[in-house]
Amino acid sequence: MSKKSSLGRGLDALLGAKAAPEAAGGPQVQTLSISRITQAAYQPRQVFAPEALAELAQSIRDKGVLQPLLVRPRGDNFEIVAGERRWRASQLAGLTEIPVIIRDLADREALEIAIVENLQREDLGPLEEARAYQALMNQGLNQEGVAQAVGKGRSTVANALRLLSLDSAALNALDRGQISAGHARAILAQPEKDRAWALDQIVTHGLNVREAEALKRETRAPGPIKVNPPRTYRQVELDLSRRTGTRVRITGEDKGRVELNYGSREELDRILSLLGYAADD
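Calculation notes
- Residues numbered from 1 in each chain as written.
- Predicted model: local features only at pLDDT ≥ 70, side-chain atom pairs only at ≥ 80, totals over all residues.
- Heavy atoms only, no water.
- UniProt positions renumbered as here; feature names shortened; annotations may be inferred.
- Pairing = 2+ DSSP bridges.
- Helix = DSSP H or I, 4+ residues; strand = E, 2+ residues; numbered from the N terminus.
- Axes fitted to C-alpha atoms, helices over the stretch in contact; angles between N-to-C directions.
- Parallel < 35°, antiparallel > 145°, perpendicular 65-115°, else oblique.
- Contact = heavy atoms within 4.5 Å.
- Nonpolar A, V, L, I, M, F, W, Y, C, P; charged D, E, K, R; others polar.
- Left-handed = near helix turned anticlockwise from the far one by under 90°.
- Salt bridge = Lys/Arg side-chain N within 4 Å of Asp/Glu carboxyl O.
- Buried < 20%, exposed > 50% of the residue type's maximum accessible area, 1.4 Å probe, protein only.
- Patch = residues over 30% accessible without salt bridge, like charges linked within 9 Å, V, L, I, M, F, W, Y side chains within 5 Å.
- Areas by Shrake-Rupley, 256 points an atom, 1.4 Å probe, with all protein chains shown as cover.
- Polar contact = N/O pair within 3.5 Å; in protein donor to acceptor, adjacent residues only side chain to side chain.

Per an unreviewed UniProt entry, the protein goes by Putative chromosome partitioning protein parB and derives from Deinococcus deserti. The UniProt entry for the protein carries the following comment under Sequence similarities (unreviewed entry): "Belongs to the ParB family."

Shown next, in the form of structure tokens:
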């Protein structure tokens, strides 16, 4: 049985609900000048809403910074690992010093903590989450390693990463909030040639996710007439597509076949895992 990262169990394992005395082996809270603290080299969260920052700044004016930042040494200064939102709001509040916990962390450790902090606060959009997982994979982790590091299921990580295969128009729509992650997965379940059409239909007609999943483009190309599967099978296709995160097609009636599409070996492994298949070592 693989041992899960302490990060997957939460940041309290690292920071503690309250800073323990150094003599007891807990992290020591120090005070640093804000001018010595720099923005994280990699910050999963790209959007900081001005209204929310202003509210946090007012709270800091009233009650101070209740949770210290986690920083790591960088020359004469210190780089934020967790707490960039508090750092930004503290500057708005006019603070010149801020409480911190200093830890000497490697790049991958710092990245894992930054991702976990944002995930626990539900601060990341679907693409920010996917790009954060990809950044961890760029540090040498596979999907299983990313899942263990952030305390998520492998299928969750795989489905998030799959969003990165959207074309630029769909990525922009997802980034702007015109479509949701559910819409994006419905687009990916379409044949590649129909994905731009599906995006247009969703945005133009304001389709919900279930309606997006039911989209089927009518073709008028010459050739033999294809009989659509019975309605009951169509619903099964939609249910299986949602369960597996990929396009599923059922052909035939009393006899036929079930087709599941995959775009990579890892995606195939994910689908097989969902079906309960495990290859012998």
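Enquirer: Quick question: what am I supposed to make of the pairing of strand β7 (residues 256-260) here?
Expert: Consecutive side chains of a regular strand alternate in pointing toward one face of the sheet and then the other. Here five bridges tie strand β6 (residues 248-252) to β7, and the two strands are oriented antiparallel to one another. Of the residues in β7, the one forming a bridge with Arg249 is Glu259. Here β6 folds back onto β7 in antiparallel fashion, the turn holding three residues.

Enquirer: Is there a simple way to think about the packing of helix α5 (residues 126-138) against helix α7 (residues 154-162) in this case?
Expert: Here α5 crosses α7 at 105°, and the two axes come no closer than 8 Å. As the angle between them shows, α5 and α7 are arranged roughly perpendicular. Packed against α5, whose contacting residues are Ala130, Tyr133, Gln134 and Met137, the element α7 presents Val157, Ala160 and Leu161 at the interface. The residue inventory of the contact of α5 with α7, partitioned by class, reads six nonpolar, one polar and no charged.

Enquirer: Just to check I follow, could you spell out the sheet that holds strand β4 (residues 77-82) for this structure?
Expert: What links the strands of a sheet is backbone hydrogen bonding, and the strands pair in either a parallel or an antiparallel sense. Here five strands make up an open sheet; going across it, the order is β1-β5-β3-β4-β2 and the pairing mixed. Since the sheet does not close on itself, it has two edges, and those belong to β1 (29-33) and β2 (37-38), each with one partner. Two strands pair when backbone bridges link them, and strand β3 (residues 69-74) and β4 are joined in this way by five bridges, in the antiparallel orientation. Within the sheet, the bridge partner assigned to Arg74 lies in β4 and is Asn77.

Enquirer: I'm lost on the packing of helix α6 (residues 143-150) against α7 in this one. Help?
Expert: To characterise two packed helices, one gives the angle between the axes of the helices and the distance between these axes. The N-to-C vectors of α6 and α7 enclose an angle of 115°; their axes lie 8 Å apart at closest approach. Our classification of the angle between α6 and α7 gives roughly perpendicular. Crossing hand, α6 versus α7: right-handed. Packed against α6, whose contacting residues are Gln143, Glu144, Val146 and Ala147, the element α7 presents Arg154, Val157, Ala158 and Leu161 at the interface. Residues that form the contact of α6 with α7 fall into these classes: five nonpolar, one polar and two charged.

Enquirer: I keep staring at the pattern of salt bridges and nothing clicks. Help me out?
Expert: This structure, assessed with the given rule, holds 12 salt bridges. With a closest N to O distance of 2.9 Å, Glu84 and Arg88 form a salt bridge. In this pair, Glu84 and Arg88 are both assigned in helix α3 (residues 84-92), four residues apart and thus about one turn of the helix distant. Across the salt bridge formed by Arg108 and Glu112, the nearest N and O atoms sit 3.7 Å from each other. Here the residue Arg108 and the residue Glu112 both occupy positions in helix α4 (residues 107-120), the gap between them amounting to four residues, near one helical turn. Overall, Glu112 belongs to the buried group, its relative accessible area being 10%. Residues joined in a network through salt bridges with shared partners are Arg72, Arg74, Glu79 and Asp107.

Enquirer: Hey, could you run me through a nonpolar patch on the surface in this one?
Expert: On the surface, Val258, Leu260 and Leu275 cluster together to form a nonpolar patch covering roughly 270 Å² of accessible area. For Val258, the location among the structural elements is in strand β7. The exposure class of Val258 is partly exposed, given its relative accessible area of 49%.

Enquirer: What should I look at first to understand α6 in this one?
Expert: The periodicity of an α-helix, 3.6 residues per turn, causes residues three or four positions apart to be oriented the same way. Among the eight residues of α6, seven are classified as buried, and the element is accordingly described as predominantly covered. One side-chain oxygen of the residue at the start of α6 lies 3.2 Å from the amide nitrogen of Glu144, identifying that residue as Asn142. Directly after α6, the chain includes Gly151, whose backbone phi takes a positive value near 70°.

Enquirer: Any chance you could explain α7 here in plain terms?
Expert: Val157, Ala158, Ala160, Leu161 and Arg162 are the residues of α7 that are buried. Packed against the buried residues of α7 are α5, α6, α9 (181-188) and α13 (265-274).

Enquirer: I would appreciate a short explanation of the pairing of β4 in the present structure.
Expert: Among the six residues of β4, five are classified as buried, and the element is accordingly described as predominantly covered. In this sheet, β4 lies alongside β2 in parallel orientation, the contact comprising two bridges. Of the residues in β4, the one forming a bridge with Ile37 is Phe78. Where β3 folds back onto β4 in an antiparallel hairpin, the turn is made up of two residues, including Gly75, whose phi is positive at roughly 65°.

Enquirer: How should the environment of Glu79 be read in this particular structure?
Expert: Along the chain, Glu79 turns up in strand β4. Look at Glu79 and you get buried, because its relative accessible area is 8%. With residues up to four places along the chain from it excluded, the contact list for Glu79 reads Thr38, Gln39, Ala40, Ala41, Leu70, Val71, Arg72 and Arg74.

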